[in-house]
Amino acid sequence: MAKSRSFFPILPALTLLLLLGPVLAGLVGTILPGFGHLPAAGLYGPSLDPFRDLFDWPGFWPAVRLSVGTGVAAAAISLTIVATILAGWAGTRAFGWVERLLSPLLAVPHAAAAFGLAFLIAPSGWLFRLVSPGLTGWQRPPDLLILQDPMGLSLIAGMVIKEVPFLLLMSIAAMGQVGGARRLAVAQSMGYGRVAAWMFTVFPVVYGRIRLPVLVVLAWSMSVVDVAVILGPSTPSTLSVQIVRWMSDPDLVFRLRAAAGALVQLGLVLGAVAVWWGLERLLGRLGASLAHRGLRLGADAHIRAGGLLLALLTALLLFLGLLGLFVWSFAGFWSFPDLLPDQFTLRSWHRDSVGSWQAVSETAVIAGAAVAVGLFLTLGCLEAEERHGLRLTQRGMWLLYLPLLIPQTAFLPGLQTLMLSLGLETGRGAVVVAHLVFVLPYIRLSLQDPWMQWDRRQAVVAKALGASPDRVLWRVRLPMLLAPILTAVAVGIAVSVGQYLPTLLIGGGRVETLTTEAVALASGGDRRAIGVFGLLQTAAALLPFALALIVPALVWRNRKGLRDG
Amino acid sequence: MDDHTAGLVLDHVEIRQAGQVLVQLNHRVKPGEVLTLMGPSGIGKSTLLSAITGALAPVFELSGRILLNGRDITELPPHQRHTGILFQDPLLFPHMSVGANLAFGLAPGGSRQNRQARVEEVLAEVGLEGYASRDPDTLSGGQRARVALMRMLLSDPQALLLDEPFSGLDASLRTKVRNLVFERAKACDLPVLMVTHDAEDAKAAGGEVITLGV
């Protein structure tokens, strides 16, 4: 007892430090050069020159418009699709199908999903091959700017297909907690159409519970780098992509402009969050007044059909995209407009085998280390909170979400600059620490509910039998929670595998994971290599989920109580 | 230990929630006796049991002393109190076999064979020979209740707390399991504190009945 008393209370503090330390340090490292203070380059502030320089850059306003426009549009479209499919279909058999289709896709890394989409919608992609030359008469890929279109439409689409599964799963969890099915039944019995019943009685409570994930989606869409490199326009690109480009310039002075850009990026996200918050209130009031008027809106077949169609389209785009990566990775000669290559070959896999093997092992080492530390800290925190009667408050929840709400481009460049100024080594170890900032919140979010829902009377009984708190933890609680713990590990690995910017910046460009390698291929247009790396990246994220399903089923094959529940 | 302190003593025990008194009790349950607590839901009967096992939630405040065979257990950590408890659900650990559940309860020490033999012996006592390797979730309700009882008794408790222990069982099983529990408690000379809604349970217990909240 004495030992555990002295050990556990340190963990929440340590976790908080690892979670927020890099974010805060990164912000400091952004603010200083943002205001012209960069002793490493012989510059001493404060001055507003970096901002003047930034505003003078002719691409500034287009980049800002693009970041805000694509980001807000992607978040709004994703939320609309999720709300419509839930309103029209939650609890039905069709919805069960959509859920089963979309949940595994949540783990597909952003970059792989974006490449897959690119392979579909490019002028030489599958969609055009499907209708050529029959409908179009094209014998050669048309000269159309679909990928990286200047308005960022393909970028928006690429973000939406990744956000819909995320928000949908978050909403499903929230609906279970608030008893959505019963509310819906009550409202429908009063003559409300399904969609109206759900929107009026279930959505407001569900939204209250997914507000933070929605804001994460908004912040992420406005500042994402890897998806924007693959699908976004390049002249100009989004502000975040531009910041990363300036960071990689050997001329240190460009870091000042990058830092100023990072601060603008942070301001844009904070501003968008504030406006979003205001719109939330406004729409909430509008909805309440509609509900007050008692509108039944019984004729909602079109909305329901539309919702289902959009959700299926999302799943279809993701699936076909992955299939496209698969086919390209094995493709021999493949001319337009053939639907399939002339021959299938292992050549691309052989050609990239050395590089891809190194990237696989680097990815595994980093994810393994980050997830091991993250899981240890999370379980330690949960157990410490248990033993000391603490509860994660709403404010604590915000702290947990903070690293996900602050755009990566706002603090990672600063963190890199700060590390360089302090003479700290960038590289693999630092990358693990940087990944931990994003892995920790997701492990916690994944493990929190199963941990809390565990029947505490099991612990009462075990202790009454004379088992110490440590014995209860190791012999009773952790084994019973094996399945959710492995799921949390899989979530953590998927998050780590997908990280692009922390790996690139904090690795000092020397740490090459599957994700950095895949994104680096974007500019080259070697579709076969992209197929290989995109598939490996997807496998690295998905395999742990398969294991998280299989291992508990094997370990507890003779334990009915754990198999069914 | 003299006769005055033997058993479970609740010495001016009072549980408050947000300043409001929830339960008050000043009573001694002698070894081999049963005290039954009755009363409407939400009156704090189970809360009193958690205070005795040491699982009282932090929102409650406890005053007074709880003594078990002369030992003040009020401040002891739960696992050092030796207060066995049975709930409505048998709460067998689902990841352990029936035998492993029993061995988990059995006080430490002794060779592996001895422990195994003790487990088999106890199973035989309640008519469950050869059940050691079974998955607890494949047992019937009555079988689970018996395993839960024997697991608790193996841990060498000095008092027995019963939290509506028979309400999950159907009428025919109920009488059997109830008789078995009281018989065993008597044989081990344990003080028993039972919380129940059911007048039948109270009658079968044969001891004093206190109705809370009236």
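Residues numbered from 1 in each chain as written. Chains lettered and ligands numbered in written order. Predicted model: local features only at pLDDT ≥ 70, side-chain atom pairs only at ≥ 80, totals over all residues. Heavy atoms only, no water.

Within an unreviewed UniProt entry, the label attached to chain B reads ATP-binding cassette domain-containing protein, and the organism entered is Aliiroseovarius salicola.

You'll find chain A entered in an unreviewed UniProt entry as ABC transporter permease subunit, with Aliiroseovarius salicola given as the organism. What UniProt states about chain A under its Sequence similarities (unreviewed entry) heading is, verbatim, "Belongs to the binding-protein-dependent transport system permease family." (UniProt positions renumbered as here; feature names shortened; annotations may be inferred.)

Draft legend 1. Quick peek at the pattern of salt bridges. Summed over all chains, the structure comprises 23 salt bridges over all chains. A salt bridge links Arg351 of chain A to Asp352 of chain A, with the shortest nitrogen-to-oxygen separation between them at 3.7 Å. For Arg351 of chain A, a relative accessible area of 49% translates into the label partly exposed. Judged by its relative accessible area of 15%, Asp352 of chain A falls in the buried class. Residue Arg178 of chain B pairs with Asp201 of chain B through a salt bridge whose shortest N-O separation is 2.4 Å. Highlighted residues: Arg178 of chain B in helix H5 (residues 171–187) and Asp201 of chain B in helix H6 (residues 199–205), separated in sequence by 23 residues. Residue classification places Arg178 of chain B among the buried residues on the basis of a relative accessible area of 5%. You can call Asp201 of chain B buried: its relative accessible area is 1%. Sharing partners across several salt bridges, the network here consists of Arg174, Arg178, Asp198, Glu200 and Asp201 of chain B. (Salt bridge = Lys/Arg side-chain N within 4 Å of Asp/Glu carboxyl O. Buried < 20%, exposed > 50% of the residue type's maximum accessible area, 1.4 Å probe, protein only. Helix = DSSP H or I, 4+ residues; strand = E, 2+ residues; numbered from the N terminus.)

Draft legend 2. Representation of the interface of chain A and chain B in the model. Contacts between the two partners involve 25 residues from chain A and, on the opposite side, 25 residues from chain B. Interface area for chain A against chain B, summed over the two sides, is near 2300 Å², with a carbon-plus-sulfur share of 67%. Contact with chain B buries surface across chain A, with Arg457, Leu465 and Arg559 of chain A losing the most and accounting together for 29% of the total. On the surface where chain A and chain B come into contact, there are one salt bridge. Where Asp89 of chain B meets Arg457 of chain A, a salt bridge forms, and the shortest distance between an N and an O atom there is 2.7 Å. (Contact = heavy atoms within 4.5 Å. Buried area = accessible area lost by both parts, 1.4 Å probe.)

Draft legend 3. Local environment of the domain arrangement of chain A. Residue and element names in this part refer to chain A. Domain boundaries assigned for chain A yield domain 1 (63–236 + 293–340) and domain 2 (356–558). Put simply, the middle of domain 1 and the middle of domain 2, counted by C-alpha atoms, are 25 Å apart. Contacts between the two partners involve 32 residues from domain 1, matched on the other side by 31 residues from domain 2. When domain 1 packs against domain 2, close to 2600 Å² is buried across both sides, 74% of that on carbon and sulfur atoms. When the buried surface of domain 1 facing domain 2 is broken down by residue, Phe115, Leu212 and Trp328 rank first, second and third, together holding 22% of it. (Domains from an automatic or database assignment.)

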